[in-house]
Amino acid sequence: MAKIITLANQKGGVGKTTSTNALAVCLKHKGYKVLCVDFDPQSNLSFSMNADLSDKAPKIYDAIKRAVKVRHTIQRTGIVDIIPADLPLSGLELEFTSRGREFILRDCLAQVAGQYDYILIDSPPALGILTINAFAAADIVLIPCLPDAFSLQGTRRLHETITRVKPAINPGLLIGGIFIARFYPREDLSNVAWATAEEMARGLNVPLLRTRIRHSSVLSRAQILQKDIIQYAPKNPAVKDYITLADELLKGGL
Ligand SMILES: Nc1ncnc2c1ncn2[C@@H]1O[C@H](COP(=O)(O)OP(=O)(O)OP(=O)(O)O)[C@@H](O)[C@H]1O
Ligand SMILES: [Mg+2]
């Protein structure tokens, strides 16, 4: 049965999608069977994974509406298997008002979890019903974060939210850790923020993952070109950092 990992942060642009893509690719290259789920109507992950986003291709929204079986939404793109998203997913907030709407994604993924070792869910930059579904479906949450004051402040808020919603939607949900998804080793700010992050993580009693992902435009380039990052730039420092991060998570019991 797959271990399900959600990458979440209500703050935009902190590296949720990049990290979902990168960790999925790293786990695949280690020989695991991996599925990615794009649960963000922006469909950035679907694009970067080279998914078919045309109208004829079913998306996660179609599975949620029970218009198609979940397994028929899985695309084998050559990078990692993915269930893509599209804009109608943003309507979930208004369309589903019944009790139990927090568990729609969990119930969908239960149908395919037997076929994978890991399922990674990318979530949108908000704390609405989509992210709550991603928490309800997961075994573990990972929190990418940038090395600046506002990101760290947002991370503290996210931790409060997870602690508040967990008992009702997923008491077993584990916070696997916070990690810095774009680090500038030579910048003083990054190093000051690292010290602050360490202090914050200690205070919240949440792991701060030791691997910091260095800044590299190669990650953005691979996204535009829709490439597997390890095949595209195996020696790039940021790609190596993601491989190290995957190792750190696996050693920690992922
Ligand atoms: N380590 C890095 N070095 C350089 N650029 C990066 C790095 N990580 C992410 N980026 C770039 O930063 C931008 C934001 O990253 P990403 O889309 O992964 O964030 P996000 O949290 O998913 O955003 P959103 O909240 O909009 O979903 C992207 O253009 C991505 O290519
Ligand atoms: Mg994103």
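Residues numbered from 1 in each chain as written. Chains lettered and ligands numbered in written order. Predicted model: local features only at pLDDT ≥ 70, side-chain atom pairs only at ≥ 80, totals over all residues. Heavy atoms only, no water.

Colleague: In this structure, what is going on with the sheet that holds strand 1 (residues 3-7)? I would like to understand it.
Modeller: Hydrogen bonding along the main chain pairs the strands of a sheet, whether they run parallel or antiparallel. Pairing is mixed across the open sheet formed by 7 strands, whose spatial order is 3-4-2-5-1-6-7. The sheet is open, and its two edges are formed by strand 3 (75-76) and strand 7 (174-180), each paired on a single side. Bridge analysis of strand 6 (residues 140-145) against strand 7 gives 6 bridges, and the strand direction is parallel. The residue of strand 7 that forms the bridge with Cys145 is Ile180. Where helix 6 (residues 129-137) meets the sheet, its contacts fall on strand 1, strand 5 (118-122) and strand 6, and the angle it forms with strand 1 comes to roughly 150 degrees. (Pairing = 2+ DSSP bridges. Helix = DSSP H or I, 4+ residues; strand = E, 2+ residues; numbered from the N terminus. Contact = heavy atoms within 4.5 Å. Axes fitted to C-alpha atoms, helices over the stretch in contact; angles between N-to-C directions.)

Colleague: Please explain the packing of helix 6 against helix 7 (residues 149-169) as it appears in this structure.
Modeller: The description of two helices packed together rests on the angle between their axes and the distance between the axes. Put simply, helix 6 and helix 7 touch, their axes get as near as 10 Å, and they point 60 degrees apart. In this view, helix 6 runs oblique relative to helix 7, as classed from their interaxial angle. Handedness of the crossing formed by helix 6 with helix 7: right-handed. Residues Ile132, Phe135 and Ala136 of helix 6 pack against Leu158, Ile162, Val165 and Ile169 of helix 7. Split into classes, the residues belonging to the contact of helix 6 with helix 7 amount to 7 nonpolar, no polar and no charged. (Parallel < 35°, antiparallel > 145°, perpendicular 65-115°, else oblique. Left-handed = near helix turned anticlockwise from the far one by under 90°. Nonpolar A, V, L, I, M, F, W, Y, C, P; charged D, E, K, R; others polar.)

Colleague: How should the side chain of Asp40 be read in this particular structure?
Modeller: The topology assignment puts Asp40 in the loop between strand 2 (34-38) and helix 2 (44-48). Buried charged residue Asp40 carries no salt bridge. Nearest counter-charge: Lys16, at 6.6 Å. In this structure the side chain of Asp40 is engaged in a polar contact, spanning 2.7 Å, whose partner is the side chain of Gln42. In this structure, Asp40 is in contact with Ala85, Leu89, Asp122, Ser123, Pro124 and Pro125, ignoring residues within four places of it in sequence. (Buried < 20%, exposed > 50% of the residue type's maximum accessible area, 1.4 Å probe, protein only. Lys, Arg positive; Asp, Glu negative; His and termini not counted. Salt bridge = Lys/Arg side-chain N within 4 Å of Asp/Glu carboxyl O. Polar contact = N/O pair within 3.5 Å; in protein donor to acceptor, adjacent residues only side chain to side chain.)

Colleague: Would you take a moment to explain the site of ligand 1 for this structure?
Modeller: Close to ligand 1 lie 20 residues; Lys16, Thr17, Thr18, Ser220 and Gln223 are nearest. Interatomic distance of 2.8 Å between a side-chain N/O atom of Ser220 and an oxygen atom of ligand 1. When ligand 1 is considered free in solution it has 630 Å² of accessible area, and contact with the protein chains removes 83% of it. Counting atoms within 2 Å of the grid points, the majority share of ligand 1 lands in the largest pocket. At the level of secondary structure, the elements contributing two or more residues to the shell around ligand 1 comprise helix 1 (16-29) and helix 9 (217-225). (Near = heavy atom within 4 Å. Areas by Shrake-Rupley, 256 points an atom, 1.4 Å probe, with all protein chains shown as cover. 1 Å grid on protein atoms, 1.4 Å probe; cavity = no way out; pocket = protein on both sides within 12 Å on 5 of 7 lines; lining within 4 Å. Sits in = over half its atoms within 2 Å of the grid points.)

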